[in-house]
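An overview of the molecular structure
Here is how the chains run, residue by residue.
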Amino acid sequence: MVSIAMALVACAGSGDKEQQANQSPEKTIAATIEDKNIYLDEAQYYLYTTQATYEVYYMAQNKEINWKKKHGKSTLEDVAKGAALDKICKITCFAQLKKEYNIEIDAQAREEIKKKADTYYTGSDENLKAKIDIKKARLMKLFEREYIAETVEDIMNTTEDKSADKYYSKWLSNADVECMSCWNNIKFSTNIFSKDKLNQNETATEGDEYEDNGHINVNENEQQ
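So, here is what we can say about the structure in this document.

Criteria and thresholds
- Residues numbered from 1 in each chain as written.
- Predicted model: local features only at pLDDT ≥ 70, side-chain atom pairs only at ≥ 80, totals over all residues.
- Heavy atoms only, no water.
- Helix = DSSP H or I, 4+ residues; strand = E, 2+ residues; numbered from the N terminus.
- Buried < 20%, exposed > 50% of the residue type's maximum accessible area, 1.4 Å probe, protein only.
- Contact = heavy atoms within 4.5 Å.
- Areas by Shrake-Rupley, 256 points an atom, 1.4 Å probe, with all protein chains shown as cover.
- Pairing = 2+ DSSP bridges.
- Axes fitted to C-alpha atoms, helices over the stretch in contact; angles between N-to-C directions.
- Polar contact = N/O pair within 3.5 Å; in protein donor to acceptor, adjacent residues only side chain to side chain.
- Core = buried A, V, L, I, M, F, W, Y, C linked by side-chain atoms within 4.5 Å.
- Phe/Tyr/Trp six-rings, centres within 6.5 Å; stacked < 30°, edge-to-face > 60°.
- Lys NZ or Arg CZ within 6 Å of the ring centre and 35° of its normal.
- Expected span 1.5 Å × (residues − 1).
- Salt bridge = Lys/Arg side-chain N within 4 Å of Asp/Glu carboxyl O.
- Parallel < 35°, antiparallel > 145°, perpendicular 65-115°, else oblique.

What the protein chain contains, in helices and strands, is 9 helices and 5 strands. The secondary structure elements of the protein chain, listed N-terminal to C-terminal, are α-β-β-α-β-β-α-α-α-α-α-β-α-α. The burial tally for the protein chain puts 47% of its 224 residues in the buried class. Partitioning the intrachain contacts of the protein chain with sequence separation of at least 6 by distance along the chain shows that 78% fall at a separation of at least 24. Working note: accessible area of the protein chain is about 12000 Å², and carbon and sulfur atoms make up 44% of it.

Attention shifts here to the sheet that holds strand β2 (residues 36–39). One open sheet accounts for 3 strands, arranged β2-β1-β5; its pairing is antiparallel. The open sheet has two edge strands with one neighbour each: β2 and β5 (177–179). Direction aside, the axes of adjacent strands within the sheet are offset by 20 degrees on average. With 4 bridges joining them, strand β1 (residues 29–33) and β2 adopt antiparallel strand pairing. When the bridges of β2 are listed, Ile33 appears paired with Lys36.

For Thr50, the position within the fold is in helix α2 (residues 40–60). Of note is the side chain of Thr50, whose polar atom sits 2.6 Å from the backbone oxygen of Tyr46.

Within the largest apolar cluster, 61 residues are counted, with the highest numbers of intra-cluster contacts made by Tyr45, Tyr54, Cys89, Phe94 and Trp171. If you tally residues by element for this core, the top one is α2, at 12 residues. Not counting residues up to four positions away in its chain, the partners in contact with Trp171 are Ile33, Glu34, Cys89, Cys93 and Gln96.

Before going further, it helps to spend a moment on the packing of aromatic side chains. Here the structure, examined in full by the defined rule, presents 11 aromatic pairs. Each residue in the set Tyr45, Tyr46, Tyr120, Tyr121 and Phe143 is aromatic and connected to the rest through ring pairs, giving one cluster. Over the aromatic face of Phe143 sits the side chain of Lys116, whose NZ or CZ is 4.4 Å from the ring centroid.

On to helix α6 (residues 136–159), then. Taking 1.5 Å as the rise per residue, α6 with 24 residues should run 34 Å; its terminal C-alpha atoms sit 34 Å apart, in good agreement. Buried residues of α6: Leu139, Leu142, Phe143, Glu144, Arg145, Glu146, Ile148, Ala149, Val152, Glu153 and Met156, and no others. The inward-facing, buried residues of α6 abut β2, α2, α3 (76–95), α4 (107–123) and α7 (164–174). Just downstream of α6, Asp161 is the residue with a positive phi angle, here 55 degrees.

Let us now look at α3. Between the first and last C-alpha of α3 there are 29 Å, a value that for 20 residues agrees with the 28 Å anticipated at 1.5 Å per step. Burial runs high along α3: 18 of the 20 residues are buried.

With that out of the way, let us pick up the side chain of Arg145. Mapped onto the elements, Arg145 comes out in helix α6. At 2.4 Å, the side chain of Arg145 and the side chain of Glu42 are in polar contact. Setting aside its immediate chain neighbours within four residues, Arg145 contacts Lys36, Glu42, Ile91 and Ala95.

Another point: the pattern of salt bridges. Tallying each qualifying case throughout the model produces 11 salt bridges. With its nearest N and O atoms 3.3 Å apart, the salt bridge here joins Lys90 to Glu153. You can see Lys90 sitting in helix α3 and its partner Glu153 sitting in helix α6, a full 63 residues away along the chain. Between Glu144 and Lys141 there is a salt bridge, with the nearest N and O atoms lying 3.9 Å from each other. One end of the pair, Glu144, and the other, Lys141, are both in helix α6, 3 residues apart, so they sit about a helical turn from each other. We classify Lys141 as exposed; its relative accessible area is 53%. Here the residues in one salt-bridge network are Asp41, Glu42, Arg138 and Arg145, joined through shared partners.

Between α3 and α6, whose axes approach to 8 Å, the crossing angle comes to 70 degrees. Here α3 is positioned roughly perpendicular relative to α6, judged by the angle of their axes. Taken together, the residues of α6 that come into contact with α3 (itself represented by Lys90, Ile91, Phe94 and Ala95) are Arg145, Glu146, Ile148, Ala149, Val152, Glu153 and Met156.

It is worth stressing that arrangement in space is one thing and function is another; only the former is reported here.
Have a look at this one:
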């Protein structure tokens with residue numbers, strides 16, 4: 001939902017809490033969503049995979065990506081970071097309903113989550129992994145939360161008259177979302193991929209999202 005992502009742009013970097021000097025990424029708070037802390041390694045995962053998605057899309061279209069290009073009052077980088085924050089908010093929104101919907105992660109789901117984490121470490125671009133800098137145990141926890149959120153969303157959409165989007169929009173309109181300075185300090189000025197490397201690795205096809213890690217589908221309508 002691009003409009004929500006755009007609305008969240010203003011949040012980025014607005015936090016005025018004390019700097020968390022000399023803290024590891026998994027102990028550094030990058031944002032708070034209601035009473036949940038989002039740590040820097042989590043934020044870096046969603047931010048940099050979003051950057052990767054945009055780069056893949058632009059390269060597939062033979063376009064140069066300009067993160068400072070204005071889209072209204074925001075830059076393309078702001079829009080992309082807003083989309084990443086929207087993704088984190090959405091996961092937080094639905095994952096908190098785990099008990100209400102009696103969601104459990106069974107053995108099959110855990111095996112799929114493990115495979116997804118293994119694929120990330122064996123198949124992702126080395127530059128992307130270096131930027132994200134997340135430990136495997138932390139990544140699996142992140143994927144577990146995604147699984148719970150996606151399961152809740154699916155139940156809402158299949159048994160409750162496709163109510164997930166309405167629920168999320170209402171929840172977000174009242175949610176307390178705050179970003180710390182370390183969120184704002186993450187910049188997309190250095191590309192993750194070169195076009196030659198992208199072609200060699202065959203990480204994406206024209207128009208596709210960055211499927212393994214990206215979660216954000218870029219299309220022309222977002223770029224206008």
